[in-house]
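Here is how the chains run, residue by residue.
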Amino acid sequence: MMTQEQCTHRNNVQSSEKPQVYKVGIYGWRKRCLYFFVLLLMILILINLALTIWILKVMNFTIDGMGNLRITEKGLKLEGDSEFLQPLYAKEIQSKPGRPLFLQSSRNVSVNIMGSNNQLLTQLVTGSSGFKARGKMFEVKSTSGKLLFSADEQEVVVGAERLRVMGAEGAVFSKSVETPHVRAEPFKELRQTSITNRAAPPVSVPRLESPTRSLLMEAPKGIQILAEAGDIQAICRNELRLESKDGEISLDARRIRLMRLPEGKASTSSSSSGTRQTVYEVCVCPNGRLFLSQAGTGSTCQISNNVCL
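Being a predicted model, the structure only gives us computed values, none of them experimental.

Visitor: Break down the overall build of the protein chain for me, with residues and values.
Guide: The number of helices and strands found in the protein chain is two helices and eleven strands. Seen in sequence order, the protein chain has helices and strands lined up from the N terminus as α-α-β-β-β-β-β-β-β-β-β-β-β. Here the protein chain, with 309 residues, has 5% of them falling under the buried criterion. Long-range pairs, those at least 24 residues apart, make up 13% of the contacts in the protein chain between residues at least 6 apart in sequence.

This is the structure:
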């Protein structure tokens, strides 16, 4: 047990010692590095803020959009020239009211219509090589809805009232042409010309044909059929008529041949037996029919007129 004097002495010793203090924080070079990083971070924040403000100013960012791009209730609105480096998907593209819409490209402009299985259905390409359209059918209509031109795999239809070919060589058709009426312009001639080359292999001769109906050629100042380097053939199944109401029919040639004329039979009393007849005369019936009769010292047409009966 401690005596009272010992306790008093111990309390005096403890009171004479100073209290010990523990320091909390960053001091020295660590504190200076921390202040430096904080200052650098503030500078970067200010620079970033300044650059952001500058970009917003240059790109013309507003509440309604960016630059020439405006966001409206109907969609996006572009003012001025626009360039798209990647595909553009839009439901509708239209210009301002009363302003044209320009699509410009350094190579070509293509408009493709794709199917459900990503199959190309219709394609429209405009480029430096020309204008190309691909599809099942192509139609051109007027403002009133009238069909002017249509084309498909089966036929090409021209719905205009007149088809005019302005080329100097006219129109060339490698196959047949079907039309109910061919007419020249007023006060101009209608011509069908065929140019053949004798050194070249033979080609089909152009012709006018009506397989199921009649063929009529009519002109107020006459019709001229001319073959400068070939023959002219007129072939029919029933009758071939050459009729001139007010004029005459002239056959002007070095040699005129009437093939397959019927031969009249003379009576047995007037016929010469035992000799082969090689000379005939051409006779005309009252109805205009021609026939051959055996030539004699005189005319035998009256004797061999049984063809006219």
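What follows continues from the structure just given.
Visitor: For the state of the cysteines, give the residues involved together with the corresponding values.
Guide: Under the definition given, this model contains two disulfides. Two residues, C285 and C308, share a disulfide whose sulfurs are 1.6 Å apart. Torsion about the S-S bond of the C285 and C308 cystine: about -80°, corresponding to left-handed handedness. One end of the pair, C285, is in the loop between β10 (280-284) and β11 (290-294); the other, C308, is in the segment after β11, with 23 residues separating them in the sequence. In this structure C285 comes out as buried when scored by relative accessible area, which is 4%. Described in terms of the sequence order of its bonded cysteines, the disulfide pattern of the protein chain is 1-3, 2-4.

Visitor: Before we move on, could you go through the pairing of strand β8 (residues 147-151) and cite the residues and values that matter?
Guide: Remark: a regular strand shows side chains that alternate across the two faces of the sheet. Where strand β7 (residues 138-141) lies against β8, four bridges are found, and the strand directions are antiparallel. Bridge pairing links F138 to A151 in β8. The antiparallel pairing of β7 with β8 creates a hairpin that spans five residues between the two strands, and G145 there sits at a positive phi of about 95°. In this structure, β8 lies alongside strand β9 (residues 156-158), joined through three bridges in antiparallel fashion. From the neighbouring strand, A151 faces β9, where its bridge partner is V156. Linkage of β8 to β9, two consecutive antiparallel strands, is achieved through a turn of four residues.

Visitor: How would you summarise the pattern of salt bridges if you had to cite specific residues and measurements?
Guide: This model, assessed by the stated rule, comprises two salt bridges. Across the pair K141 and E139 runs a salt bridge whose closest N-O atoms are separated by 3.9 Å. One salt bridge connects E243 with R241, and the closest N-O pair in it is separated by 3.3 Å. A single burial state applies to E243 and to R241, both of which are exposed.

Visitor: Now, about the sheet that holds strand β1 (residues 65-66): what can you tell me, with residues and values included?
Guide: A sheet is described by the order of its strands in space; here three strands give the open sequence β1-β2-β3, paired in antiparallel fashion. Of all strands in the sheet, those with a lone pairing partner are β1 and β3 (76-78), marking the two edges.

Visitor: Any details on the side chain of E281? Residues and values, ideally.
Guide: Mapped onto the secondary structure, E281 falls in strand β10. There is a polar contact of 2.7 Å between the side chain of E281 and the backbone nitrogen of T300.

Visitor: Please set out the side chain of S293 residue by residue, giving values where relevant.
Guide: Structurally, the position occupied by S293 is in strand β11. Non-local contacts of S293, meaning those with residues more than four positions away in its chain, are made with Y280, E281, C283, T300, C301 and S304.

Visitor: An account of the environment of V111 is requested, with residue identities and associated values reported.
Guide: With respect to the helices, strands and loops of the structure, V111 is situated in strand β4 (residues 108-114). As a C-alpha pair, V111 and Q123 span twelve residues in sequence and 5.7 Å in three-dimensional space. Not counting chain neighbours up to four residues away, the residues in contact with V111 comprise T122, Q123 and L124.

Visitor: Can you tell me about helix α2 (residues 29-58), naming the residues and giving the values?
Guide: The end-to-end C-alpha distance of α2 is 43 Å, a good match for the 44 Å that 30 residues give at a rise of 1.5 Å each. Looking one or two residues beyond α2, the residue adopting positive phi is N60, at roughly 60°.

Visitor: If you had to explain the packing of aromatic side chains to someone new, which residues and values would you point to?
Guide: One pass over the full model with this rule turns up two aromatic pairs. Taking 6.3 Å as the distance between ring centres and 65° as the angle between the ring planes, the aromatic pair formed by F138 and F149 counts as edge-to-face. Taken together, the positions of F138 in strand β7 and F149 in strand β8 put the pair eleven residues apart, joining distant regions of the chain.

Visitor: Tell me about the sheet that holds strand β5 (residues 120-127), and please be specific about residues and values.
Guide: Two strands in a sheet stick together by hydrogen bonds in their backbones, pointing the same way (parallel) or opposite ways (antiparallel). With antiparallel pairing, the three strands of this open sheet are ordered in space as β4-β5-β6. The outermost strands of the open sheet, each flanked by one partner alone, are β4 and β6 (130-134). Going across the sheet, the axis of each strand differs from the next one's by a mean of 5°, ignoring polarity. Strand direction decides the pairing type here: β4 and β5, joined by seven bridges, are antiparallel. Considered in β5, the bridge of I113 is made with T122.

Rules used throughout
Residues numbered from 1 in each chain as written. Predicted model: local features only at pLDDT ≥ 70, side-chain atom pairs only at ≥ 80, totals over all residues. Heavy atoms only, no water. Helix = DSSP H or I, 4+ residues; strand = E, 2+ residues; numbered from the N terminus. Buried < 20%, exposed > 50% of the residue type's maximum accessible area, 1.4 Å probe, protein only. Contact = heavy atoms within 4.5 Å. Disulfide = S-S within 2.5 Å. Pairing = 2+ DSSP bridges. Salt bridge = Lys/Arg side-chain N within 4 Å of Asp/Glu carboxyl O. Polar contact = N/O pair within 3.5 Å; in protein donor to acceptor, adjacent residues only side chain to side chain. Expected span 1.5 Å × (residues − 1). Phe/Tyr/Trp six-rings, centres within 6.5 Å; stacked < 30°, edge-to-face > 60°. Axes fitted to C-alpha atoms, helices over the stretch in contact; angles between N-to-C directions.

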